[in-house]
Amino acid sequence: MSGPTSIHHLMESILGRNCFTEDHAAALWVEVRARLVDMEATDTVEEVEAFEGRRLDTHPRDIVTNAICFVLTGKEYWPNDYPGSPFVYKFLKECISRGYVAADRIKGDCPSMRFVINSFDGVETIRQEVVPASLYDQAQVEIAELRLQVAALTKPGKV
Amino acid sequence: MSGLAVTRHLLNITLQEQFMSDAHSLELWKEVRSCLVRREAFNVIDAVEVCADGNLAHKFRDIVTDAIAHCLVGTDYWPAPYPGSTFEYDLLKALFTRGYMVSDGTIGECYPRRFKIDCFDGRKHFKQEVVPASRYDLLEAEVIELRRRLAERDA
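Residues numbered from 1 in each chain as written. Chains lettered and ligands numbered in written order. Predicted model: local features only at pLDDT ≥ 70, side-chain atom pairs only at ≥ 80, totals over all residues.

Visitor: If you had to explain the domain arrangement of chain A to someone new, which residues and values would you point to?
Guide: One can read the domain layout of chain A as domain 1 (3-105) and domain 2 (115-153). Computed over C-alpha atoms, the centres of domain 1 of chain A and domain 2 of chain A are 35 Å apart. (Domains from an automatic or database assignment.)

Next up, the structure:
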């Protein structure tokens, strides 16, 4: 059976060598296999299990990668990177919690909420650093609450 | 002088309405003309001044619109729209301030703070609403200051 071997090779190509063990690969393949069966991709399961080599061809590889993505992050497919995407953070977080990689693969406790977008104004490339509007809204709510608390403390008689 | 016709025509095309009076158009043309002189665009000035209907040839039009942008907003050229651009806001603000146009109240007193960006994750297109990080930094600084004041009171 080369399911674990294929998974091992795939995860090594994603995470780097010498961190994802054969035991990890065997356990993850069980989950990935179950997901593929749920997706009625039994032909993919057969193809992977009959595969003799290490590196899957594009066709089964994309389906297996999406199944890995689902098992580790709950997302149905492996998304392309886009500005502000939380996918890499979620993926690495799960890999850390499963012991696939060391905790220092992620810096900080939450995904970086600020990111850069590049636009074009017809002549120049415009580089803008932005944050999600929801984060800005949260900060506004927090400021309103803090202002109320400060105002309450500065009322005559309370000082 | 048909510089008047050209400036009015170009701004009316951009803003999709008729609003520039002759006096305002002439006033703006004088500024634009000075800008074109500084840019040594004498052939453009000649073309504008013989253009009776305001519908200037394309090759000259871009140079005149860039000069209009410089006079009204201070940019070197008229930028293409992009997410988060404040050019349209600045342009309208200048037109209101100069009295060339009357505000209908839809433009606020401060810069637009949030805008949407188009994203694609390989399968789906979607929009994210974002705010410039510099604006968020101001809020974060205020949060820190308010917390500091509360901590001082508690101490």
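Now that the structure is up, let's keep going.
Visitor: How would you explain the sheet that holds strand 1 (residues 115-120) of chain B if you had to name every residue and give the values?
Guide: In sheet architecture, strand pairing relies on hydrogen bonds along the backbone and comes in two forms, parallel and antiparallel. Pairing is antiparallel in the open sheet, where four strands are placed in the order 1(A)-2(A)-2(B)-1(B). Lying at the two open borders of the sheet, with one neighbouring strand each, are strand 1 (115-120) of chain A together with strand 1 of chain B. Here the average twist between neighbouring strands, direction ignored, is 55 degrees. (Pairing = 2+ DSSP bridges. Helix = DSSP H or I, 4+ residues; strand = E, 2+ residues; numbered from the N terminus. Axes fitted to C-alpha atoms, helices over the stretch in contact; angles between N-to-C directions.)

Visitor: Which residues make up the domain arrangement of chain B, and what values go with them?
Guide: Partitioning chain B into domains gives domain 1 (3-97) and domain 2 (115-154). Using only C-alpha atoms to locate each centre, domain 1 of chain B and domain 2 of chain B end up separated by 36 Å.

Visitor: Pulling in residues and values, what's your account of the nonpolar core?
Guide: Membership of the largest hydrophobic core comes to 23 residues, with the highest contact counts inside it found for Val6, Val32, Val44, Val48, Val64, Ala67 and Ile68 of chain B. Among the elements that make up this core, the one with the highest residue count is helix 4 (residues 58-72) of chain B (six residues). Counting residues in hydrophobic clusters, the runner-up holds 21 residues, among them Val32, Ile63, Ile68 and Cys69 of chain A. (Core = buried A, V, L, I, M, F, W, Y, C linked by C-beta atoms within 7 Å. Buried ≥ 20, exposed ≤ 12 C-beta atoms within 10 Å, placed from the backbone.)

Visitor: Please give an account of helix 2 (residues 22-38) of chain A that cites residues and values.
Guide: Residue and element names in this part refer to chain A. With 17 residues, helix 2 extends 24 Å between its outermost C-alpha atoms, agreeing within 8% with the 24 Å of an ideal straight helix rising 1.5 Å per residue. For helix 2, the complete set of buried residues consists of Ala25, Leu28, Trp29, Val32, Arg33 and Leu36. Packed against the buried residues of helix 2 are helix 1 (3-15), helix 3 (42-50) and helix 4 (58-73). Phi turns positive one or two residues past the end of helix 2, at Glu40, with a value near 60 degrees. (Expected span 1.5 Å × (residues − 1). Contact = placed C-beta atoms within 7 Å.)

Visitor: How would you explain the interface of chain A and chain B if you had to name every residue and give the values?
Guide: Contacts between the two partners involve 32 residues from chain A and, on the opposite side, 31 residues from chain B. Of all elements in the fold, only strand 1, strand 2 (125-132) and helix 6 (133-153) of chain A reach the threshold of two or more residues within the side of chain A that touches chain B. A total of twelve residues in the side of chain A that touches chain B trace back to one element, the largest contributor, which is helix 6 of chain A. Split into classes, the residues belonging to the side of chain A that touches chain B amount to 19 nonpolar, eight polar and five charged. Note: strand 2 of chain A against strand 2 (residues 125-132) of chain B, three bridges, orientation antiparallel. In the sheet register, Val131 of chain A faces strand 2 of chain B, and the bridge partner there is Val131 of chain B. (Nonpolar A, V, L, I, M, F, W, Y, C, P; charged D, E, K, R; others polar.)

Visitor: Got a sec to walk through the pairing of strand 1 of chain B? Specific residues and values, please.
Guide: Residues and elements named next belong to chain B. Bridge analysis of strand 1 against strand 2 gives six bridges, and the strand direction is antiparallel. If you follow Phe115 over to strand 2, its bridge partner there is Val130. Counting the residues in the hairpin turn of strand 1 and strand 2 gives four residues, including Gly122, whose phi is positive at 105 degrees.

Visitor: An account of the environment of Glu94 of chain A is needed here, citing residue identities and associated values.
Guide: All names here are of chain A. Residue position: Glu94 is located in helix 5 (residues 87-97). Exposure remark for Glu94: the 14 C-beta atoms within 10 Å place this residue in the partly exposed category. Considered as a pair, Glu94 and Phe20 are 74 residues apart in the sequence and their alpha carbons are 13 Å apart. Here Glu94 is in contact with Leu72 and Thr73, once residues within four sequence places are set aside.

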